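One letter stands for each residue in the lines below.
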Amino acid sequence: MSSGQRRSRWSGVPLQDRQVLRRDELIAAGVELLGGESGPALTVRAVCRAAELTERYFYESFTDRDQFVRAVYDDVCARAMSTLTSSESPRDAVERFVALMVDDPARGRVLLLAPEREPVLIRSGAEWMPDFIALLQRKLTRITDPAVQAMVATGLIGALTALFSAYLNGRLPATREQFIDYCVDMLLSRVSSY
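Since we're looking at a predicted model, the values are computed, not measured.

A closer look at unusual backbone geometry
For step 1, the next point in the chain: Of note in this structure, E52 is not a glycine but carries a positive phi near 55°.
For step 2, the next point in the chain: Locating E52 in the fold gives a position in the loop between helix 2 (44–51) and helix 3 (55–61).

What follows is the structure, encoded as structure tokens:
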């Protein structure tokens, strides 16, 4: 390579893989913008600037801003679901979820706060909620009555959503360890009462 030539960002990447990589970079930029501390600041231009890609590449994967916002939200929800599905105990689930959503607060704000601020996500949030409830319900094996199981799972998801939202917003002065302990105690005490 001569001194006047610059190595391309996509050098060595097969053509068929480039679109997937560009889409991933756009999604990552979208998480940061949609989950920003001051709220969503997400425009197509802002996303392209953050990902260092042109609008051409944005429209290669997404038809418009709304589809993109839903894709960012779905990506965060899928990661959260995968994290919870692979956990081995209530403590492990809470610790992994805290690592995913609190250690990366932009991701946590996308999951928990963006649906309140971004009208296009109202429906998406409502569509994902039953999946999180069903996941917890499947873990409540000590509760044999399906109706009670569903009510407990729904109540716990609601309570955990409120707790994580308040923690992300800085309204809970608890330490990380206090927060994790409280969430685990809440899960275990509710289940052990049956």
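Resuming the write-up.
Here we look at the packing of helix 4 (residues 65–85) against helix 5 (residues 90–101)
For step 1, the next point in the chain: Packing of helix 4 against helix 5 leaves a shortest axis separation of 9 Å and a crossing angle of 155°. The angle between helix 4 and helix 5 places the two elements in the roughly antiparallel class. Note that helix 4 runs across helix 5; the crossing there is right-handed. In contact with V76, R79, A80, T83 and L84 of helix 4, helix 5 contributes A93, R96, F97, L100 and M101.

Structural notes on the state of the cysteines
For step 1, the next point in the chain: For the structure shown, the criterion picks out zero disulfides.
For step 2, the next point in the chain: Note on C183: no disulfide assigned, nearest cysteine sulfur contributed by C77 at a separation of 18 Å.

Points about the side chain of S87
For step 1, the next point in the chain: Secondary-structure assignment places S87 in the loop between helix 4 and helix 5.
For step 2, the next point in the chain: Residue S87 is classed as buried on the basis of its relative accessible area, which comes to 10%.
For step 3, the next point in the chain: Of note is the side chain of S87, whose polar atom sits 2.7 Å from the backbone oxygen of L84.

Points about the confidence of the model for the chain
For step 1, the next point in the chain: Within the chain, residue pLDDT values average 88, and 91% of them lie at 70 or more.
For step 2, the next point in the chain: Per-element averaging of pLDDT across the chain places helix 7 (residues 114–117) at the bottom with 86 and helix 4 at the top with 95.
For step 3, the next point in the chain: Note that pLDDT drops below 50 for residues 1–6; the model gives that stretch two contacts with residues more than four away or on any other chain.

Basis of the calculations
- Numbering of residues begins from 1 in every chain and follows the order in which that chain's sequence is written.
- With the structure being a predicted model, the display of local features is reserved for residues of pLDDT at least 70 and the display and counting of side-chain atom pairs for 80 or more, all residues being used for whole-chain, interface and lining totals.
- Excluding hydrogens and water, the side-chain values take into account all heavy atoms of the structure.
- Think of it this way: any DSSP run of H or I at least four residues long counts as a helix, any run of E at least two long counts as a strand, and we number them from the N terminus.
- Under this scheme, a helix contributes an axis fitted over its contacting stretch, all axes are lines through C-alpha atoms, and angles between N-to-C directions fall in the 0 to 180 degree range.
- In these notes the angle categories are as follows: under 35 degrees is roughly parallel, over 145 is roughly antiparallel, 65 to 115 is roughly perpendicular, and the rest is oblique.
- Put simply, a crossing is left-handed when the front helix is turned counterclockwise from the back one by less than a right angle, and right-handed when it is turned clockwise.
- Contacts are assigned to residue pairs that have any heavy atoms within 4.5 Å of one another.
- Throughout, disulfides are identified as pairs of cysteine sulfur atoms within 2.5 Å of each other.
- Any residue under 20% of the maximum accessible area for its type is buried, any over 50% is exposed, and the rest in between are partly exposed; the area is computed with a 1.4 Å probe on protein chains only.
- Nitrogen and oxygen atoms within 3.5 Å of one another constitute a polar contact, given that in protein one can donate a hydrogen and the other can accept it, and given that sequence-neighbouring residues count only through two side-chain atoms.
- The pLDDT value expresses, per residue, how confident the predictor is, ranging between 0 and 100.

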